[in-house]
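Tertiary structure, described
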Amino acid sequence: MKSTPANYNSWIDEYHQGIRYGMEGKILINEKSTFQQITLIESKRYGKGLLLDGCWMTAEHQERHYHECLVHPAICSAENLHKVLIIGGGDGGTARECLRHKEIEHLDMVEIDGRVVELSQKYLPTLGGQAWNDPRLHLKIEDGIAWVAKANDNSYDVVIVDGSDPEGPSKGLFNKSFFNNCKRILRPGGVFATQSESPEAFRKVHIETVRILREIFEFADPLYGWVPMYPSGWWSWTFASRERPRYKNPIAKRAEFISKECEIWSIRWQQGAFDAIPAFIERELSK
Ligand code: SPD
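As for the packing of aromatic side chains
One pass over the full model with this rule turns up eleven aromatic pairs. For the pair Y66 and Y230, a centre-to-centre distance of 5.9 Å together with 70 degrees between the ring planes defines the contact as edge-to-face. Highlighted residues: Y66 in helix α1 (residues 64–75) and Y230 in the loop between β11 (219–226) and β12 (234–241), separated in sequence by 164 residues. One exposure class covers both Y66 and Y230, and it is buried. Here the aromatic cluster, defined as three or more aromatic residues joined through ring pairs, consists of Y66, F202, Y230, W235 and W237. Above the face of the Y156 ring, K83 is positioned so that its terminal group lies 4.9 Å from the ring centre. Lying over the aromatic face of F274, K248 brings its terminal NZ or CZ to 5.5 Å of the ring centre.

Printed below as a string of structure tokens:
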């Protein structure tokens, strides 16, 4: 990442495989926490934004592309919504989208880096919005991998993984033992969701993630959309369930209520997004 901190007209870039993905703006905070480099910026186009270890995570005016598509396919299709778990999600956007669903009674959010939460609450307050004060939110500053390893069988209706790329603290959020625990702690009728990287910029990780989830769960499918600030802009989220691909059939009443105020997500959008699997990914997955 390159920038001149005091200059609003500088470029803040994520470097990925010889390509720069950048925004014009200025750096507000750049500090190292126990786990990672945390950078808060202010951009002309997307407002304030967050990078972790030099990689774009979110920005005020572009976060809904990501959070709506991670949350609603899972939350709208699970049989019950008594108890939901988010692993990661320190900026609060995933919790905010979850808590729009009034049926959720209890939401555990387990974020490893308390400093990401503090800085997001201060610089990106619209991300978490009212979620931070919602009594249903139970925020734990702990390691999410250890959390799922020690959680009881059948304890959550929905498990959502909102981590960063598979490096640093998020590396362990993409492997078999973690996904096995996610399946074990999911109740019957439950749905699992994870961000599953870009089919272009992170092709190998993306295919491997879907493949592992298909080995572990009876059903797993990637959904494709856009997060323009991420490498290549082309992104994916993968959903998994047991008895049937429940995530493909949102419960109409829940979905209609939620999609009225969504920027991207709707039942129609979701149908297309599951069907938008690129031919080469489909071929790779059938090998
Ligand atoms: N390459 C960026 C992947 C980041 C996924 N998580 C974003 C966090 C938003 N809550």
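Some remarks on the pairing of strand β6 (residues 83–88)
Taking burial as the measure, the six residues of β6 include five buried ones, the bulk of the element. Relative to strand β7 (residues 106–111), β6 is paired through five bridges, and the arrangement is parallel. Bridged to I87 within β7 is V110. In the classification by handedness, the crossover that spans β6, the intervening helix α2 (residues 93–99) and the parallel β7 is right-handed. Bridge count between β6 and strand β9 (residues 156–162): five bridges; the pairing is parallel. Residue L85 lies in a different strand from β9, and its bridge partner there is V159.

Some remarks on the site of the ligand
All residues in the neighbourhood of the ligand are listed as W56, M57, Y66, H67, D91, D162, G163, D165, Q195, Y230 and W235. A distance of 2.6 Å separates a nitrogen atom of the ligand from a polar side-chain atom of D91. Within the side chain of D162, a nitrogen or oxygen atom sits 2.7 Å from a nitrogen atom of the ligand. Protein burial of the ligand: of its 340 Å² of free accessible surface, 98% is covered by the chains. Because more than half of its atoms lie within 2 Å of the grid, the ligand is assigned to the largest cavity.

Things to note about the sheet that holds strand β2 (residues 19–32)
Pairing is antiparallel across the open sheet formed by five strands, whose spatial order is β1-β2-β3-β4-β5. In this open sheet, the two strands that pair with only one neighbour each are β1 (10–16) and β5 (55–59). Neighbour-to-neighbour, the strand axes of the sheet open up by a mean angle of 50 degrees, direction not taken into account. Relative to β5, strand β4 (residues 47–52) runs antiparallel, the two being bridged by four bridges. Bridge pairing in β5 places L52 opposite C55.

Quick word on empty space enclosed by the protein
Applying the stated rule across the entire model yields one cavity of 30 Å³ or more. Quantified by volume, the largest cavity comes out at close to 370 Å³. Lining the largest cavity are 32 residues; nearest its centre among them are G89, D162, G163, S164 and S170. Within the residue set of the lining of the largest cavity, elements represented by two or more residues are β4, β5, α1, β6, β7 and α5 (144–150). For the lining of the largest cavity, the element with the most residues is β5, which contributes three residues. Residue composition of the lining of the largest cavity, grouped by class: 16 nonpolar, ten polar and six charged. Counting contributing residues, the lining of the largest cavity receives three or more from each of domain 1 (7–59) and domain 2 (63–285).

Some remarks on the nonpolar core
Counting 50 residues, the largest nonpolar core has I75, C98, L107 and W237 as the members making the most contacts within it. Core analysis: the second largest hydrophobic core is formed by 23 residues, V110, I185, L186 and I216 among them.

Considerations on the sheet that holds β7
Strand order in this open sheet of seven strands is β8-β7-β6-β9-β10-β12-β11, and the pairing throughout is mixed. Strands with a single pairing partner mark the edges of an open sheet, and in this sheet they are β8 (137–141) and β11. Ignoring which end each strand starts from, the neighbouring axes of this sheet average 15 degrees apart. In the packing of helix α6 (residues 176–185) onto the sheet, contacts are made with β6, β9 and β10 (186–195), and the angle to β10 comes to roughly 145 degrees. Of the strands in this sheet, β10, β11 and β12 touch helix α7 (residues 203–216), which is tilted by about 150 degrees from β11.

Focus on the packing of α6 against α7
Interaxial distance between α6 and α7 falls to 10 Å at its minimum, and their mutual angle equals 45 degrees. Compared by their axis directions, α6 and α7 come out oblique. With respect to the hand of their crossing, α6 and α7 are arranged in right-handed fashion. For the pair α6 and α7, the contacting residues are K176, F179, N180 and K183 in the first and T209, I212, L213, E215 and I216 in the second. In the contact of α6 with α7, the residues fall into four nonpolar, two polar and three charged.

Definitions and limits used
- One numbering rule holds for all chains: residues counted from 1, following each sequence as written.
- Given that the model is predicted, a residue must reach a pLDDT of at least 70 before its local features are reported, and side-chain atom pairs must reach 80 or more before they are shown or counted; all residues, however, enter totals for whole chains, interfaces and linings.
- Hydrogen atoms and water are omitted, and side-chain values are computed over all heavy atoms in the structure.
- Under the pairing criterion, centres of Phe, Tyr and Trp rings, with the six-membered ring standing for Trp, must be within 6.5 Å; the plane angle then separates stacked pairs below 30 degrees from edge-to-face pairs above 60, leaving the rest tilted.
- Under the scheme used here, helices are H or I runs from DSSP no shorter than 4 residues and strands are E runs no shorter than 2 residues, and both carry numbers assigned from the N terminus.
- Per-residue accessibility, obtained with a 1.4 Å probe over protein chains only, is compared with the maximum for each type, and a residue is labelled buried under 20%, exposed over 50%, and partly exposed between these values.
- When the NZ atom of lysine or the CZ atom of arginine is within 6 Å of a ring's centre and also within 35 degrees of its normal, the charge is said to sit over that ring.
- Should DSSP find at least two bridges between two strands, the strands are regarded as paired.
- Crossover handedness is defined by viewing with both strands directed away from the observer: a clockwise path from the first strand over the helix to the second marks the crossover as right-handed.
- A molecule or strand has a residue near it when one of that residue's heavy atoms lies within 4 Å.
- Side-chain atoms alone can form a polar contact between residues adjacent in sequence; in general such a contact is a pair of N or O atoms within 3.5 Å, and within protein one must be able to donate a hydrogen while the other accepts it.
- Note on areas: these come from Shrake-Rupley sampling with a 1.4 Å probe, and a residue is covered only by the protein chains present in the view.
- The distinction between a cavity and a pocket rests on a 1 Å grid over the protein atoms alone: a 1.4 Å probe fits inside a cavity but cannot get out, while a pocket stays open yet meets protein on both sides within 12 Å along at least five of seven lines, and a residue with an atom within 4 Å of a point counts as lining.
- Molecules are considered to sit inside a cavity or pocket once more than half of their atoms lie within 2 Å of its grid points.
- Note on definitions: angles span 0 to 180 degrees between N-to-C directions of axes, and those axes are lines fitted to C-alpha atoms, for helices only across the stretch in contact.
- Grid points are joined across faces, edges and corners, and a volume is the space filled by probe spheres set on the points.
- Here the term charged refers only to Asp, Glu, Lys and Arg, the term nonpolar to Ala, Val, Leu, Ile, Met, Phe, Trp, Tyr, Cys and Pro, and the term polar to all other amino acids, Gly among them.
- Domain start and stop positions are those given by an automatic or database domain assignment.
- Only buried Ala, Val, Leu, Ile, Met, Phe, Trp, Tyr and Cys residues count toward a nonpolar core, and they belong to the same one when joined by side-chain atoms within 4.5 Å.
- It only takes one pair of heavy atoms within 4.5 Å for two residues to be counted as in contact.
- These descriptions rest on fixed angle ranges, namely under 35 degrees for roughly parallel, over 145 for roughly antiparallel, 65 to 115 for roughly perpendicular, and the rest for oblique.
- Left-handed describes a crossing whose near helix is turned anticlockwise from the far helix by less than a right angle; the clockwise case is right-handed.

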